[in-house]
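Spelled out from the first residue to the last, the chains are:
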Amino acid sequence: MDTKILIVDDEKIFVKGLKYSLEQDGYTVDTAFDGHEALDKTFKRDYDLIILDLMLPGIDGLEVCQRIRQDSQIPIIMLTAKGDDIDKILGLEYGADDYLTKPFNILELKARIKAVLRRINMKNTKIVDQVVQIDDFTINTLGRKLTVKGREVNLTAKEFDLLLLLVTNPGKVFTREELLETIWGYEYFGDLRTVDVHIRRLREKIEKDSSQAEYILTKWGVGYYFRSKVQ
């Protein structure tokens, strides 16, 4: 299968080298050098994954990510030249699936790309037409759609995977380490706050009041679990 990747970065020498390296692994690689070009190409062409730099001319990477997430669940790996935690957290808040701080080892980036694509392939080959219904939630695992009380809720790929895992294991407490290993599918180079960010975003989307969660609850000092009202 031809895997198409879009690299978005204004450092042309960096992009040229990264494009060449990924093409050597068999990927089809397209490039964009600013936010406007990235959005234009994303909505006109089909990509399997986007590598998106945070600092871009015109429209910055955070806004590009946010706009893409309004209409698409394409996996996004965000790049940042800054080492500040706030940049990483903001990237996740805006819908990025993963982040990497420059400079990075190209082998690490390739490992993350393969992990994302592996998860997608597993879903495409493993999942049959199945609908999970529990409490107010209807989850279409084939179409990867969620409705809550009849209202469709737009989730990122990671948010969907997290919710599906928790919902299909009601009452089971998952540690943040277990969630990282299960959902990210490889030895994640980030930190445990990644899980907290995604859980918070999930609550904001599915809970009536995210500050007083009814479904995704915290087991203090341990992790997170889904509480079903029908239990």
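Residues numbered from 1 in each chain as written. Predicted model: local features only at pLDDT ≥ 70, side-chain atom pairs only at ≥ 80, totals over all residues. Heavy atoms only, no water.

Undergrad: Would you mind going over the packing of aromatic side chains in detail, with residue names and values included?
TA: Evaluated as defined, the whole model comprises four aromatic pairs. Ring geometry for F137 versus Y215: centroids 4.7 Å apart, planes at 85 degrees, classification edge-to-face. Of this pair, F137 sits in strand β7 (residues 137-140) while Y215 sits in the loop between α8 (193-206) and β11 (216-219), placing them 78 residues apart in sequence. Residue F137 is classed as buried on the basis of its relative accessible area of 1%. For Y215, a relative accessible area of 4% corresponds to the buried category. With a centroid separation of 5.8 Å and an interplanar angle of 10 degrees, the aromatic rings of Y215 and F226 are classed as stacked. Within this pair, whereas Y215 is found in the loop between α8 and β11, its partner F226 is found in strand β12 (residues 223-226), the two being separated by 11 residues in sequence. We classify F226 as buried; its relative accessible area is 0%. (Phe/Tyr/Trp six-rings, centres within 6.5 Å; stacked < 30°, edge-to-face > 60°. Helix = DSSP H or I, 4+ residues; strand = E, 2+ residues; numbered from the N terminus. Buried < 20%, exposed > 50% of the residue type's maximum accessible area, 1.4 Å probe, protein only.)

Undergrad: Report on the packing of helix α7 (residues 176-184) against α8, specifying residues and quantitative values.
TA: One way to put it is that α7 packs onto α8 with a least axis distance of 9 Å and a crossing angle of 80 degrees. The orientation of α7 with respect to α8, classified from their angle, is roughly perpendicular. Contact residues: R176, L179, L180 and W184 in α7; T194, V195, D196 and H198 in α8. Of the residues contributing to the contact of α7 with α8, the split by class is four nonpolar, two polar and two charged. (Axes fitted to C-alpha atoms, helices over the stretch in contact; angles between N-to-C directions. Parallel < 35°, antiparallel > 145°, perpendicular 65-115°, else oblique. Contact = heavy atoms within 4.5 Å. Nonpolar A, V, L, I, M, F, W, Y, C, P; charged D, E, K, R; others polar.)

Undergrad: Can you break down the sheet that holds β7 residue by residue, with the values?
TA: Taken in spatial order, the four strands line up as β6-β7-β8-β9 in an open sheet, and their pairing is antiparallel. Both outer strands of the open sheet, β6 (131-134) and β9 (151-153), are each paired with one neighbouring strand and no more. The mean angle between the axes of side-by-side strands here comes to 20 degrees, regardless of whether they run parallel or antiparallel. As defined by bridge partners, β6 adjoins β7 across four bridges and the pair is classed as antiparallel. Its bridge partner being in β7, I134 is matched across the sheet by F137. Most of the contacts of helix α6 (residues 157-167) go to β7, to which it runs at about 115 degrees, and overall it touches β6, β7 and β8 (145-148). (Pairing = 2+ DSSP bridges.)

Undergrad: Before we move on, could you go through helix α3 (residues 61-69) and cite the residues and values that matter?
TA: The set of residues buried in α3 consists of G61, L62, V64, C65, I68 and R69. For α3, the angular spread of buried residues about the axis comes to 165 degrees, placing them on one side. Where α3 begins, the side chain of D60 points an oxygen toward the backbone nitrogen of L62, at a separation of 3.2 Å. (Arc of directions from axis to C-beta. Polar contact = N/O pair within 3.5 Å; in protein donor to acceptor, adjacent residues only side chain to side chain.)

Undergrad: Any chance you could break down the pattern of salt bridges for me, citing the residues and the numbers?
TA: A side chain with one charge can pair with a side chain of the opposite charge if their charged atoms come near. All chains considered together, the criterion is met by 18 salt bridges. A salt bridge links R112 to D98, with the nearest nitrogen and oxygen atoms 2.7 Å apart. Highlighted residues: R112 in helix α5 (residues 106-126) and D98 in strand β5 (residues 98-101), separated in sequence by 14 residues. Taking relative accessible area as the criterion, D98 reaches 1% and is therefore assigned buried. A salt bridge links R176 to D196; its shortest N-O distance comes to 2.7 Å. Here R176 is found in helix α7, whereas its partner D196 is found in helix α8, with 20 residues between them in sequence. When its relative accessible area of 19% is taken as the criterion, D196 is described as buried. When salt bridges that share partners are traced, they join D9, E11, D53 and K102 into one network. (Salt bridge = Lys/Arg side-chain N within 4 Å of Asp/Glu carboxyl O.)

Undergrad: Break down α6 for me, with residues and values.
TA: Where burial is concerned, most of α6 is hidden: 11 out of the 11 residues are buried. All of the buried residues along α6 are A157, K158, E159, F160, D161, L162, L163, L164, L165, L166 and V167.

Undergrad: Residues and numbers for the environment of P103, please.
TA: Relative to the helices and strands, P103 resides in the loop between β5 and α5. Overall, the relative accessible area of 80% leaves P103 in the exposed class. Residues P103 and L79 lie 24 residues apart in sequence; the distance between their C-alpha atoms is 9.4 Å.

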